[in-house]
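Each chain is listed here by its residues.
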Amino acid sequence: MGRIKIGVFGAKRGMDLIDTLLIYPDIDFVAICDKYTPLLDEAREKAKAHNLNITMYEDFEEFFQCDMDAVVLANYAVEHAPYAIRFMESGRHVLSECLPVQTMKEAVELVETVERTGKIYNLAENCCFFKNTFEMYRRYRRGDIGEVTYGECEYVHCFTKEKEVADLFYGDPNHWRARLYSTYYCTHSLGPILYITGLRPVKVVGMEIPNTEFLFNCGYAKGTASATLIELENGAIVKNLLGDLRKHPLIWNYQLYGTEGCMETDRWVHHMLNVYTDKEVQGKQGRDYYECKPVFENELTAQIKSHGGADFYAVHYFIQQILGDSDAAKYTVDVYQALDMALPGILGYRSILGGNIPIKIPNFRIKEAREPYRNDVACTDPDVAGDQLLPLSAKGNRLVPQSTYDRMRELWLSDK
C-alpha cells in the first residue's frame, strides 16, 4: 500500500508515541483526539515545530469520522477494547496501549473481531523493547541459557507525595486508576517474560498486599500491590510483583533461570544485563555483565528518548507490518499474545478473591476455550460489571471520603 494515514486517540500517554509519528516516514499523521485541551495545545505546538498540519479533535465521533487507515489507542487503560473493536470493524488497523481488555467478555470480542475483520492489531507493550529485555530476547532465542524453568518480573512504583498521586487520577473517584485492583496492570512486568520466551501462561495464583493508609488517604481503596505465581505451558514458574511499594522511584526487573544458565537485568542500571551460562557463547562461558544494545539503531531511533527509547519500536513494527514487511510481525505483540499477557492479571485477582486458589488461564487461540467467558463482565468498574461488580480489594471496599477526592482535585489543579 501507499502512505499510511494514522491518528492518535489520547494525547497524554499518546504524547510519547506522537513523538515517533512526527518523524516517521511512510505515514501521514493526520489527527489527534483528547478531551483535555491543554494536551491538544501541546500536540499542536509539536506539530508546528515539524511543519505538520494535524487536525485536533475534542469530540471522539468527529475524530472517528476522520480519514485514517490506522489508529493508536492511548486513551484510558480500561477502555481500549471497545474502541479497538469499533475501529477494526470500520476497516482501520489498531495499535493499542496497555492493557488490551478490562473483562473476559471483551477478550472474546476483541480476538473474534481481529479474526473476522483481518485487520492488524498490535499491543504497544513497550517494556518488551527496553535494551535489556530485548537483549534477553536475543540471548534466549539463541539458546544461551537453555529452556526456561523459572522467572521473576517486577513493575513497582513508589509514591511518597500526595501530588504524585493526584497527577495520576485528578481527584476523580470514577477515574480508572481510583478503581484499579492490584493485579490488573500486569503486562509491563509479565509481558516481556512471555515475549522473550514465546511461551503462554496456563495457570495463576495470586496474593494481595493490603491497602496502605498513605494511598487510602490519597483516594485509593485498592490493594497496594500483588504477587502472582504463573505457570507457563512448559511447566516453568514465573513470579510477578506489581504495585506501589516504598523503594527506588521505579523498578522494572526481569530474571530468567534456564536449564543451562540464567540472566537478570540490573535492578538499578536499566541498560545492563547479568548473564551466567554453562556453555561457551561467543567465546565466553560463566558469568558476565553486558551493556545492552537497542533493538536496532538509526537516525530515527536516536531522536526518541521516552522509556529509554523503547516507545519507538512498537510504533515502528506496527507501521512496517501494515506496509507488508514480512519480518515485522515476528516482533509485534499480536492479539493472542496480548491476551496471554493480560489475562493473568484479570484471573489472578479472582484467585485472590477466591482465597488464593489456582485458576486456569484459557488459550483464546482455541475457539472452544472462549465460550465460558462470552458474558463474563466481572471487574471493578460498575458501569461495565453490573451485578458482576468486584470489590476493589480482597479485604473489601473501604469508603474513601469525598473530602479526600476534593483535596486531591485541588492538588492536581494547583499547578495548572
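Residues numbered from 1 in each chain as written. Predicted model: local features only at pLDDT ≥ 70, side-chain atom pairs only at ≥ 80, totals over all residues. Heavy atoms only, no water.

Engineer: I tried to follow the environment of Thr117 on my own but got confused; where do I start?
Structural biologist: Examined against the element boundaries, Thr117 turns out to sit in helix α5 (residues 104–117). Taking C-alpha positions, Thr117 is 9.7 Å from His93, a pair spaced 24 residues apart along the chain. Look past the residues within four positions of Thr117 in its chain and what remains in contact with it is Met88 and Glu89. At 2.8 Å, the side chain of Thr117 and the backbone oxygen of Thr113 are in polar contact. A polar contact of 3.2 Å, which involves the side chain of Thr117, links it to the backbone nitrogen of Lys119. (Helix = DSSP H or I, 4+ residues; strand = E, 2+ residues; numbered from the N terminus. Contact = heavy atoms within 4.5 Å. Polar contact = N/O pair within 3.5 Å; in protein donor to acceptor, adjacent residues only side chain to side chain.)

Engineer: Could you clarify how one ought to interpret the sheet that holds strand β6 (residues 121–123) in this entry?
Structural biologist: Through backbone hydrogen bonds, the strands of a sheet pair up, either in parallel or in antiparallel fashion. Overall, parallel pairing links the 6 strands, which are arranged β3-β2-β1-β4-β5-β6 in an open sheet. In this open sheet, the two strands that pair with only one neighbour each are β3 (55–57) and β6. Looking at each pair of strands side by side, their axes are set apart by 20° on average, direction ignored. As paired strands, strand β1 (residues 4–9) and strand β2 (residues 27–33) are joined by 6 bridges and run parallel to one another. (Pairing = 2+ DSSP bridges. Axes fitted to C-alpha atoms, helices over the stretch in contact; angles between N-to-C directions.)

Engineer: Quick question: what am I supposed to make of the packing of aromatic side chains here?
Structural biologist: Between two aromatic rings, the relevant description is the distance of the centres plus the angle of the planes. For the structure on display, the rule yields 36 aromatic pairs. Aromatic side chains Phe169 and Tyr220 sit 5.2 Å apart centroid to centroid with 55° between the ring planes, which places their arrangement in the tilted category. Here the residue Phe169 occupies a position in helix α7 (residues 162–169), and Tyr220 occupies one in the loop between α9 (213–217) and β9 (225–232), the gap between them amounting to 51 residues. Exposure remark for Tyr220: the relative accessible area of 2% places this residue in the buried category. (Phe/Tyr/Trp six-rings, centres within 6.5 Å; stacked < 30°, edge-to-face > 60°. Buried < 20%, exposed > 50% of the residue type's maximum accessible area, 1.4 Å probe, protein only.)

Engineer: Help me out: how do you make sense of the packing of helix α6 (residues 131–142) against helix α8 (residues 187–197) in this one?
Structural biologist: Relative placement of two packed helices is described by the angle separating their axes and the distance separating the axes. The contact between α6 and α8 brings their axes to 8 Å, and the two run at 30°. The pairing of α6 with α8 is recorded here as roughly parallel in orientation. Every pair of crossing elements has a handedness; the one defined by α6 and α8 is right-handed. Residues Thr133, Phe134, Met136, Tyr137, Tyr140 and Arg141 of α6 lie in contact with α8, whose contacting residues are Pro192, Tyr195, Ile196 and Thr197. (Parallel < 35°, antiparallel > 145°, perpendicular 65-115°, else oblique. Left-handed = near helix turned anticlockwise from the far one by under 90°.)

Engineer: Would you mind showing me how to read the nonpolar core here?
Structural biologist: As a rule of thumb, soluble globular proteins bury nonpolar side chains together. Formed by 122 residues in total, the largest nonpolar core has its most connected members in Phe29, Phe63, Tyr121 and Phe129. For Phe63, the contacting residues outside a window of four places in its chain are Gly7, Val8, Phe9, Ala31, Ile32, Cys33, Tyr57, Met68, Val71 and Phe87. Judged by nonpolar contacts, the second largest core, of 16 residues, contains Tyr220, Val400, Met408 and Trp412. (Core = buried A, V, L, I, M, F, W, Y, C linked by side-chain atoms within 4.5 Å.)

Engineer: Looking at this structure, I do not really get empty space enclosed by the protein. What am I missing?
Structural biologist: Where empty space is left can be seen by rolling a probe of water-molecule size over the atoms. With the rule as written, the count across this model stands at 2 cavities of 30 Å³ or more. What the largest cavity holds in volume is close to 60 Å³. As for the largest cavity, its lining consists of Arg139, Arg142, Val275, Thr277, Val281, Gln282, Lys284, Gln285, Gly286, Arg287, Asp288 and Tyr290. Every element with two or more residues in the lining of the largest cavity is listed here: α6, β13 (272–281) and β14 (284–291). If one sorts the elements of the lining of the largest cavity by residue count, β14 sits on top with 6 residues. When its residues are assigned to classes, the lining of the largest cavity shows 3 nonpolar, 4 polar and 5 charged. If you trace the second largest cavity, you find it lined by Asn122, Leu123, Phe129, Tyr313, Ala314, Tyr317, Tyr331, Thr332 and Val333. Per-element tally for the lining of the second largest cavity: the top contributor is helix α10 (residues 311–322), with 3 residues. (1 Å grid on protein atoms, 1.4 Å probe; cavity = no way out; pocket = protein on both sides within 12 Å on 5 of 7 lines; lining within 4 Å. Points joined across faces, edges and corners; volume = space filled by probe spheres on them. Nonpolar A, V, L, I, M, F, W, Y, C, P; charged D, E, K, R; others polar.)

Engineer: So what exactly am I meant to see when it comes to α10 here?
Structural biologist: In an α-helix, one full turn covers 3.6 residues, which means residues spaced three or four apart are oriented alike. Of all 12 residues in α10, 11 are buried; the element is thus mostly enclosed. Inspection of α10 places Asp311, Phe312, Tyr313, Ala314, Val315, His316, Tyr317, Phe318, Ile319, Gln320 and Ile322 among the buried residues, and these make up the whole buried set. The elements touched by buried residues of α10 are β1, α1 (11–23), β2, β4 (70–73), β5 (93–96) and β6. A positive phi of about 100° marks Gly324, the residue just after α10.

Engineer: Explain the environment of Leu180 here, please?
Structural biologist: Relative to the helices and strands, Leu180 is located in the loop between α7 and α8. Using a relative accessible area of 11% as the deciding quantity, one classes Leu180 as buried.

Engineer: Just to check I follow, could you spell out helix α2 (residues 37–49) for this structure?
Structural biologist: Taking 1.5 Å of rise per residue, the 13 residues of α2 would be expected to cover 18 Å, and the 18 Å separating its terminal C-alpha atoms lies within 8% of that figure. Of all the positions in α2, only Leu39, Leu40, Ala43 and Ala47 are classed as buried. Projection of α2 onto a plane perpendicular to its axis shows the buried side chains occupying an angular sector of 100°, all on one side. For α2, the exposed residues lying more than 90 degrees away from the buried face are Lys48 and Ala49. The secondary structure elements touched by the buried residues of α2 are α1, β2 and β3. Asn51 sits one or two residues past α2 and shows a positive phi near 60°. (Expected span 1.5 Å × (residues − 1). Arc of directions from axis to C-beta.)

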